[in-house]
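Structure assessment
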Amino acid sequence: METTGYRLSVEGKTGEEATIRLAGRLSLDDLEPLMADLQAIPGRLMPRRLSVDLAGVEYLDSAGALVLIELQNRARALSIPVDLLNVSEKDHGLLSLIDPELLQRPPLRPEIVQSPILETMGELARRQFRDFQEIMSFVGELITALVYCLAHPRVVRWADVMFYMKRAGADGLPIVALISLLLGLIMAFMSSLQLKQFGANIYVANLVTIAMVRELGPIMTAIIVAGRSGSAFAAEIGTMIVNDEVNALLTMGFDPTRFLAVPKVLATMVVVPILTVYADLFAILGGLIVGVTGLDLTAFTYIQQTKSSISIFDFVTSLIKAIVFAVLISGIGCQRGFQVRGGAEGVGMSTTSAVVSAIFLIVVFDSAFAIMLYYVRH
Amino acid sequence: MSPSDTEPVIIVENLTARYGDVTILKDVSFEVYRGERFMILGGSGCGKSTLLKHMIGLLKPYAGRVIINGIDICRADEETLQAVRKQIGVLFQADALFGSMSLSQNVALPLTEYTDLPSDLIREIVRMKLGLVDLSGFDNHMPAELSGGMRKRAGLARAMALDPMFLFFDEPWAGLDPVTAAELDILIRSINEGIGTTMVFVTQELASILTLAQRVIMLHKEAKGIIARGTPGELREKSTDSRVLNFFNRHAM
């Protein structure tokens, strides 16, 4: 065990009986040179008979045994008989474990190779279509479950609803507040640089308020909630799928959608609008800070200007938007969770997909709202 | 390899294990000899999995030492520890195969990471290992497509990829039917006798303990340590401790 490496010597002439003497360690560490050395010998010497003397071998592991078996295979291909001499009892046990036939056996299934581009594209399209189908059927299930819960409020797991309201709402308030405050500061500061030139400082208040209440408040809040809670929903449900917990629910006669998805959806429907209001307020506060410190406005005039710049209509529609976004986030989060197959990798993919799809849907629906509200206003 | 070969290769000395303020094991000492099949027994919650995690260096002991092949793994630096880890193969209870990789990729992973072998040689070694555990042909199957017993064997093939000196098994028979479990016993024995790997098991599977173990220690929850040691036959026939007798005769307390 103290020596390292192997020693190899060959006796005998071409075409006659030859003996290979091996000594030292025949192990994984030297597998590559050992394999190359030994494989070359039968073809080079073409002996009538080949003996391999293992008397000096101190250590043989399964990689070393593999080399010997490959040597036998190689020699057999050249129809040279091979004898292993002085094999210790221990090494004999090891050699007998390895079945030379199995080394040749092809896999039961070919290796998966990259398929041609057309096939890949087709597969991709098929997967997109299936994904769309799954989303649609989930939407159906979710609506059924929600309607059922509306008719039977007692079946809703209200304790869970409260728990997720805390998770998605109260716990998320600090980050929503911070980001909105900074957003308000930035918007007010950047716009003041322009508006100052026209002496229109006061309109900083309008700009911040309208931008925030109509567009950025709901959208920023929704994106933060998608990142914080949508992903968490997907990971939670996905892990439950992997651990057979969803199957356990099914066998106990629960509807997983009603049991797992409905409380999350209801909770986010309540908290996202509230978070949106907070986001609006903090952004306005940010604007106020810039207005008072940088633009010589008084807090009173700034707030008056803010009040006059928005209508109840704007406020209400922004809350409706927030509710719609909440359903999108929690719905897609739960759906991606239920979609998980396999193990850890599946959970990771579904979590990523939950956030990406939620943000995409938020933007799509927001554009639809923008057009719709324009026509409602006029 | 004969059990008379009495060279201790794993030495656990006065090991005390704690989770926070809770002491799980106190002053546990024992030795494992080269080439033997050594089992750590005990009821649920007695700390046998904790002991195993200390032996493979996943947890650091509160006090005491674990010496593997002459190296104190509790105080070794990262580089030495890495070298020791290459000599250790572990078969985890939940097989711990990577679900996103095929069987051959799972087995090849340690080989590609720790050796510079060309890919055709690696493929050959992988074939051999899969053949050793009776899974030849399943190279390109995914773990999820296999039965529990096959997954266990695939996990064993991965654990053996680098020809480790030591194999650790955490409840290898859990969730296997008696026939599959007996087949695993035969496989483990042939590997132990053929390759001479030192094997340490953590288990409570009575049938396999009796057929496979050469020496055992038994842990107990209240004692927080070893309450019996010896061969399984000795413990079953000669022990005077009711806790040991109940375990071996499958009596309720």
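Structural data are supplied above this passage.
In short, a report on the structure. (Residues numbered from 1 in each chain as written. Chains lettered and ligands numbered in written order. Predicted model: local features only at pLDDT ≥ 70, side-chain atom pairs only at ≥ 80, totals over all residues. Heavy atoms only, no water.)

A few points about the overall build of chain A
- The helix and strand tally for chain A stands at 13 helices and four strands.
- In summary, chain A has a C-alpha radius of gyration of 36 Å against a globular reference of 21 Å for 378 residues, an excess of more than 25%.
- The principal-axis extents of the C-alpha atoms in chain A amount to approximately 110 × 60 × 45 Å.
- Looking at chain A as a whole, 42% of its 378 residues qualify as buried.
- Taking as baseline every contact in chain A between residues at least 6 positions apart, the subset at least 24 positions apart corresponds to 82%.
- A total accessible area of about 19900 Å² is found for chain A, and carbon and sulfur atoms account for 65% of it.
- Each charge class in chain A was averaged separately, 29 positive and 35 negative side chains, and the resulting centres sit 8 Å apart. (Helix = DSSP H or I, 4+ residues; strand = E, 2+ residues; numbered from the N terminus. Rg over C-alpha atoms; globule rule 2.2 N^0.38 Å. Buried < 20%, exposed > 50% of the residue type's maximum accessible area, 1.4 Å probe, protein only. Contact = heavy atoms within 4.5 Å. Areas by Shrake-Rupley, 256 points an atom, 1.4 Å probe, with all protein chains shown as cover. Lys, Arg positive; Asp, Glu negative; His and termini not counted. Charge placed at Lys NZ, Arg CZ, Asp CG, Glu CD.)

Here we look at the overall build of chain B
- If you tally the helices and strands in chain B, you get nine helices and 10 strands.
- At 18 Å, chain B has a C-alpha radius of gyration in line with the 18 Å of a compact globule built from 253 residues.
- Projecting the C-alpha coordinates of chain B onto the three principal axes gives extents of approximately 55 × 45 × 40 Å.
- Within the span of chain B, comprising 253 residues, buried residues form 57% of the whole.
- Here the contacts in chain B between residues at least 6 apart in sequence split such that 64% fall between residues at least 24 apart.

A look at the interface of chain A and chain B
- Listed per partner, the contact involves 26 residues of chain A and 29 residues of chain B.
- Of the roughly 2500 Å² buried at the junction of chain A and chain B (both faces included), carbon and sulfur atoms supply 64%.
- Three residues, L28, L97 and R109 of chain A, lead the burial of chain A against chain B; their summed loss comes to 24% of the area buried on that side.
- Across the chain A-chain B interface, the total number found is one salt bridge.
- For R109 of chain A, the salt bridge identified is with E145 of chain B, shortest N-O distance 3.0 Å.
- Inspection of the chain A/chain B interface yields seven residue pairs in polar contact (both at pLDDT 80 or more).
- Mapped by element, the contributors of at least two residues to the side of chain A that touches chain B are α1 (31-45), α2 (62-77), α3 (89-97) and α4 (100-104) of chain A.
- Its residues assigned to classes, the side of chain A that touches chain B shows 15 nonpolar, three polar and eight charged. (Buried area = accessible area lost by both parts, 1.4 Å probe. Salt bridge = Lys/Arg side-chain N within 4 Å of Asp/Glu carboxyl O. Polar contact = N/O pair within 3.5 Å; in protein donor to acceptor, adjacent residues only side chain to side chain. Nonpolar A, V, L, I, M, F, W, Y, C, P; charged D, E, K, R; others polar.)

Topic: the sheet that holds strand β1 (residues 8-19) of chain B
Residues and elements named next belong to chain B.
- With antiparallel pairing, the four strands of this open sheet are ordered in space as β2-β1-β4-β5. Each of the sheet's edge strands pairs with one partner strand only, and the pair in question is β2 (22-33) and β5 (71-72).
- Strand direction decides the pairing type here: strand β4 (residues 63-68) and β5, joined by two bridges, are antiparallel. Residue I68 lies in a different strand from β5, and its bridge partner there is I71.
- Packing of helix α1 (residues 48-55) onto the sheet brings it into contact with β1, β2 and β4, and relative to β1 it is tilted by some 120 degrees. (Pairing = 2+ DSSP bridges. Axes fitted to C-alpha atoms, helices over the stretch in contact; angles between N-to-C directions.)

Some thoughts on a nonpolar patch on the surface
Residue and element names in this part refer to chain A.
- A cluster of nonpolar residues, I175, L178, L182, I186, F189, M190 and L193, forms a patch on the protein surface that exposes about 630 Å² of accessible area.
- With respect to the helices and strands, the residue F189 is situated in helix α7 (residues 173-195).
- By relative accessible area, F189 is classed as partly exposed at 46%. (Patch = residues over 30% accessible without salt bridge, like charges linked within 9 Å, V, L, I, M, F, W, Y side chains within 5 Å.)

Description of helix α5 (residues 117-151) of chain A
Residues and elements named next belong to chain A.
- In a regular helix each residue adds 1.5 Å, so 35 residues correspond to 51 Å; α5 covers 51 Å between its end C-alpha atoms and thus fits that length.
- What α5 keeps buried is the set D131, F138, L142, A145 and C149.
- Here the buried face of α5 lies against α10 (256-294) and α12 (312-338). (Expected span 1.5 Å × (residues − 1).)

Side note on the packing of aromatic side chains
- Going through the model one piece at a time under the given rule, you end up with nine aromatic pairs over all chains.
- Each member of the aromatic cluster is reached from another via a ring pair, and the members are F163, Y164 and F233 of chain A. (Phe/Tyr/Trp six-rings, centres within 6.5 Å; stacked < 30°, edge-to-face > 60°.)

Brief notes about the packing of α1 of chain A against helix α4 (residues 119-132) of chain B
- For the pair α1 of chain A and α4 of chain B, interaxial distance at closest approach is 11 Å and the crossing angle is 95 degrees. Classified by the angle their axes make, α1 of chain A and α4 of chain B are roughly perpendicular. Side by side, α1 of chain A and α4 of chain B meet where L31, E32 and M35 of chain A of the first sit next to L121, E124 and I125 of chain B of the second.
- Of the residues that constitute the contact of α1 of chain A with α4 of chain B, the class distribution is four nonpolar, no polar and two charged. (Parallel < 35°, antiparallel > 145°, perpendicular 65-115°, else oblique.)

Overview of the packing of α3 of chain A against helix α6 (residues 178-195) of chain B
- In contact at an axis separation of 7 Å, α3 of chain A and α6 of chain B are set at 135 degrees when each is read in the N-to-C sense. Judged by the angle between their axes, α3 of chain A and α6 of chain B are oblique. Each of K90, G93, L94 and L97 of chain A in α3 of chain A lies in contact with α6 of chain B, whose residues at this interface are S190, I191, G194 and I195 of chain B.
- Taken together, the residues of the contact of α3 of chain A with α6 of chain B break down into four nonpolar, three polar and one charged.

Let's talk about the pattern of salt bridges
- According to the stated counting rule, one finds 25 salt bridges over all chains in the structure shown.
- Notably, a salt bridge pairs R49 of chain A with D83 of chain A, separated by 2.9 Å at the nearest N-O pair. Residue R49 of chain A is located in strand β3 (residues 49-60), and its partner D83 of chain A is located in strand β4 (residues 82-85); the two are separated by 34 residues in the primary sequence.
- For R49 of chain A, a relative accessible area of 32% corresponds to the partly exposed category.
- A salt bridge links E7 of chain B to R34 of chain B, with the nearest nitrogen and oxygen atoms 3.0 Å apart. A residue pair is termed long-range when its members are at least 10 positions apart, and E7 of chain B in the segment before β1 and R34 of chain B in the loop between β2 and β3 (37-41) qualify at 27 residues.
- Take R34 of chain B: its relative accessible area is 18%, and that puts it in the buried class.
- What you see here is one network of salt bridges that share partners, running through E11, R21 and D53 of chain A.

Keep in mind these values describe shape, not function.
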